[in-house]
Amino acid sequence: MSFAVSIVRHQPILTGQHLNQDQPLKQGQVTLQDVANRAGVSIATASRVIGDGKVKAATREKVEQAIRDLGYFPNAAARTLRGEKSMTVGVVFNELNGSLATELLDSLASRLHADGYSLFVATAQGSEQQYDELVQRFAERRVDALLCVNAMGEGAALTHIRALGIPAAAVFGRRDGYRELPLIMPTIQAAAFACGERLKALGHETIGIVYQATSRPLTGFRYFMKEMGFSVNSYDLAETGSDAVAFINRYMLDPNRPTALIAHQKLAAELFDAADQMAIMIPQDISLIGIRDQTQNQTATRRPLSTIHLDPATLGLESASRLVRILKNGEDQGMLSETHIEMAKWVERDTTGSANK
């Protein structure tokens, strides 16, 4: 099942249902900081009042009066203050681009929808300030849980999140003020080891990792290959100003060249085509492996490409399942403690063969 998701740049939107029509028009302008200023307290104190934390009765009355005066809470959030769930989960992306992000989003929406939750989605468009603002807005709307994808920024709103008791975790990465969030991190360890065992069985001892400045340098894969005892050479095409043809030409002139090359899927296909143009046989002369990070649009090659197949849906489904178990079954938030989830598998096809030494 596929779920359509609408995205806005500077504020969260709801997928799966419409926003309440009786939401006060002031919500877009009034913030928790406004409430704190009106009551003459800190934003942390205002957060404790909203989250039913421990504060003096006189302070609580001042904050609650400021809330009433400013019309701060939309009805959905007001209901959660009475102990009712909003049945919504928020997810903030640093940037929402590429198939990995969209497949992660689709799997999150699918799993949450099955348990009656709707998904708020927002993208900060690469801005740390916007990221912080969006996290704060999710706290104000009182989502039941929050996922921060590649979290970045000051993270001041996490005080509010904690005061409200909202389960929250970072996905893929976290930095700056979000370092304290538990991290749900994908890994390709099992797939990399399966690939490495096959390469060893084929007699390979040295491998080359080829990448460009616009792509990730496959740090995780390099680490696992070294752990297995391979010698690993790295080639940055952007640094040398090479295209695929120039690289293959220079590579073949090296008497100590690696016997297998690994690259992201698109670049691996370019290397395959370059070898074809030069009458270099794959896998007889070179074994070639792609890291497939575009599962919907695999680049075609004359012979099927052996791949480390990345499946972000696995990460999305597992992350959503953990949230649901916390929200519906009352399981401990320790389930969101730092964890690694395997999201890849080794798929051998026609471009891996015996090492040509």
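Residues numbered from 1 in each chain as written. Predicted model: local features only at pLDDT ≥ 70, side-chain atom pairs only at ≥ 80, totals over all residues. Heavy atoms only, no water.

Visitor: Can you tell me about the overall build of the protein, naming the residues and giving the values?
Guide: Across its full length, the protein holds 13 helices and 13 strands. Taking all 357 residues of the protein together, 51% fall into the buried category. Long-range contacts, defined as pairs at least 24 residues apart, comprise 70% of the intrachain contacts of the protein with a sequence gap of at least 6. For the protein, the exposed area adds up to about 16500 Å²; of that, 47% sits on carbon and sulfur atoms. (Helix = DSSP H or I, 4+ residues; strand = E, 2+ residues; numbered from the N terminus. Buried < 20%, exposed > 50% of the residue type's maximum accessible area, 1.4 Å probe, protein only. Contact = heavy atoms within 4.5 Å. Areas by Shrake-Rupley, 256 points an atom, 1.4 Å probe, with all protein chains shown as cover.)

Visitor: Report on the packing of aromatic side chains, specifying residues and quantitative values.
Guide: Counted under the stated rule, the structure contains 6 aromatic pairs. On the basis of an interplanar angle of 70° and a centroid distance of 5.5 Å, the ring pair of Tyr-131 and Tyr-178 is categorised as edge-to-face. Here the residue Tyr-131 occupies a position in helix H6 (residues 128-141), and Tyr-178 occupies one in the loop between strand E5 (168-174) and strand E6 (183-187), the gap between them amounting to 47 residues. A relative accessible area of 0% places Tyr-178 in the buried class. In this structure, Lys-200 packs its charged tip against the face of Phe-230, placed 5.8 Å from the ring centre. Arg-257 extends its terminal NZ or CZ atom over the ring of Tyr-251, reaching a point 5.9 Å from the ring centre. (Phe/Tyr/Trp six-rings, centres within 6.5 Å; stacked < 30°, edge-to-face > 60°. Lys NZ or Arg CZ within 6 Å of the ring centre and 35° of its normal.)

Visitor: Account for helix H13 (residues 312-329), with residues named and values stated.
Guide: Given 3.6 residues to a turn, an α-helix orients residues that are three or four positions apart in the same direction. Its 18 residues place the ends of H13 25 Å apart at the C-alpha level, agreeing with the 26 Å of an ideal helix rising 1.5 Å per residue. Among all positions of H13, only Pro-312, Leu-315, Gly-316, Ser-319, Ala-320, Ser-321, Arg-322, Leu-323, Val-324, Ile-326 and Leu-327 are buried. (Expected span 1.5 Å × (residues − 1).)

Visitor: Account for the packing of helix H1 (residues 32-39) against helix H3 (residues 57-70), with residues named and values stated.
Guide: Between H1 and H3, the least distance of the axes is 8 Å, while the angle of their chain directions is 120°. Classed by the angle they form, the pair H1 and H3 counts as oblique. For H1 against H3, the interelement crossing comes out right-handed. Contacts from Asp-34, Val-35, Arg-38 and Ala-39 in H1 reach Lys-62, Val-63, Ala-66, Ile-67, Asp-69 and Leu-70 in H3. Taken together, the residues of the contact of H1 with H3 break down into 6 nonpolar, no polar and 4 charged. (Axes fitted to C-alpha atoms, helices over the stretch in contact; angles between N-to-C directions. Parallel < 35°, antiparallel > 145°, perpendicular 65-115°, else oblique. Left-handed = near helix turned anticlockwise from the far one by under 90°. Nonpolar A, V, L, I, M, F, W, Y, C, P; charged D, E, K, R; others polar.)

Visitor: Please set out the environment of Pro-304 residue by residue, giving values where relevant.
Guide: Relative to the helices and strands, Pro-304 resides in the loop between strand E10 (287-292) and strand E11 (306-310). The partly exposed category is assigned to Pro-304, whose relative accessible area is 39%. Between the C-alpha atoms of Pro-304 and Arg-349, which are 45 residues apart in sequence, the distance is 5.8 Å. Apart from residues no more than four positions distant in its own chain, Pro-304 is found in contact with Arg-349, Asp-350 and Thr-351.

In short, geometric facts, not functional conclusions.
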